[in-house]
Amino acid sequence: MASGATPAIEVADLVKIFGTVTAVGGISFTVPAGQTVALLGGNGAGKTTTISMLLGLLQPSAGAIRLFGEDLTTRRHYLLPRMNFSSPYVELPHRLTIRQNLEVFARLYGLVEREARLQAVIEDLELTALSGRRVGTLSAGQKTRVALAKAMLNQPELLLLDEPTASLDPDTADWVRGYLERYQARHGAAILLASHNMGEVERLADHVLMMRQGLIVDRGAPRDLIRRYSRQNLEEVFLDIARDRRAGSRNAATGDSDAMTGGAPSLDSEIGPT
């Protein structure tokens, strides 16, 4: 991010409570313009709830969200056209073809020169040969590419990506990562990435936020986290955090399961109750 540039995302003390369950327990982070930040954590860590609040789908119980320097609560309808979201787990209408689905979203986004933009995205995501097929007939990997095509229609300044290469073969997944890198380089877009593919995160992310039980329990550049936990790769770091092994402890380096925290207080005792 250039010096003085407004961050794409600024989150301060964000909380979401469902009844007696605290899904997100007071997190703060920034996603600089033009950078990729990965939001990592096991199932139930709070990633999906956080993304849902950033999309305006859930109202925070407390805290603040600013996108491009503007308050999301009061400026939602102005901010949402500048961003988009992709997840292979959100189904598009099966009876519509790829082109028809993209046409619907292009109209919803109010795109100018709609047909030209539609064709450009279909070509960019190499969907030309498939564009006349109904979405319900596609493979899981093909649906993933269509979901990404939908997210690129409005040329977003901010992309929220949930498992963007899920179900893709290694060659296609590598192509998609390259596409995202090229798009970011051309447009200066910011990306918030949720992924369980640690190799993907190491390649794409400038910064990583590690979530556990609704809180951010560690953060840093991938290489810095790997060094801090004395590990070989980010997947090993992920396992250390998921299993409550502290950075720099004997057990984080050896994986000793007899004393998961190496004699130090657990992360739970350090960060307080959720």
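Residues numbered from 1 in each chain as written. Predicted model: local features only at pLDDT ≥ 70, side-chain atom pairs only at ≥ 80, totals over all residues. Heavy atoms only, no water.

### Some thoughts on the overall build of the chain
What the chain contains, in helices and strands, is eleven helices and ten strands. Looking at the chain as a whole, 48% of its 274 residues are labelled buried. (Helix = DSSP H or I, 4+ residues; strand = E, 2+ residues; numbered from the N terminus. Buried < 20%, exposed > 50% of the residue type's maximum accessible area, 1.4 Å probe, protein only.)

### What about the nonpolar core?
By size, the foremost hydrophobic cluster in this structure holds 47 residues, and its most contacted members are Leu 40, Val 208, Met 210 and Leu 234. The contact partners of Leu 40, leaving out residues within four places of it in the chain, are Lys 47, Ser 195, Met 198, Val 201, Val 208, Leu 209, Met 210, Met 211, Leu 234 and Phe 238. Ala 8, Phe 29, Leu 39 and Met 211 belong to the second-largest nonpolar core, a separate cluster that totals 30 residues. (Core = buried A, V, L, I, M, F, W, Y, C linked by side-chain atoms within 4.5 Å. Contact = heavy atoms within 4.5 Å.)

### A closer look at empty space enclosed by the protein
Under the definition given, this model contains one cavity of 30 Å³ or more. A volume near 70 Å³ is recorded for the largest cavity. If you trace the largest cavity, you find it lined by Ser 87, Pro 88, Val 90, Glu 91, Leu 92, Val 135, Lys 143 and Ala 147. Tallied by class, residues from the lining of the largest cavity come to five nonpolar, one polar and two charged. (1 Å grid on protein atoms, 1.4 Å probe; cavity = no way out; pocket = protein on both sides within 12 Å on 5 of 7 lines; lining within 4 Å. Points joined across faces, edges and corners; volume = space filled by probe spheres on them. Nonpolar A, V, L, I, M, F, W, Y, C, P; charged D, E, K, R; others polar.)

### What to know about the sheet that holds strand S2 (residues 21-31)
Pairing within the open sheet is antiparallel, and its four strands lie in the order S2-S1-S4-S5. Of all strands in the sheet, those bounded by a partner on one side alone are S2 and strand S5 (70-71). (Pairing = 2+ DSSP bridges.)

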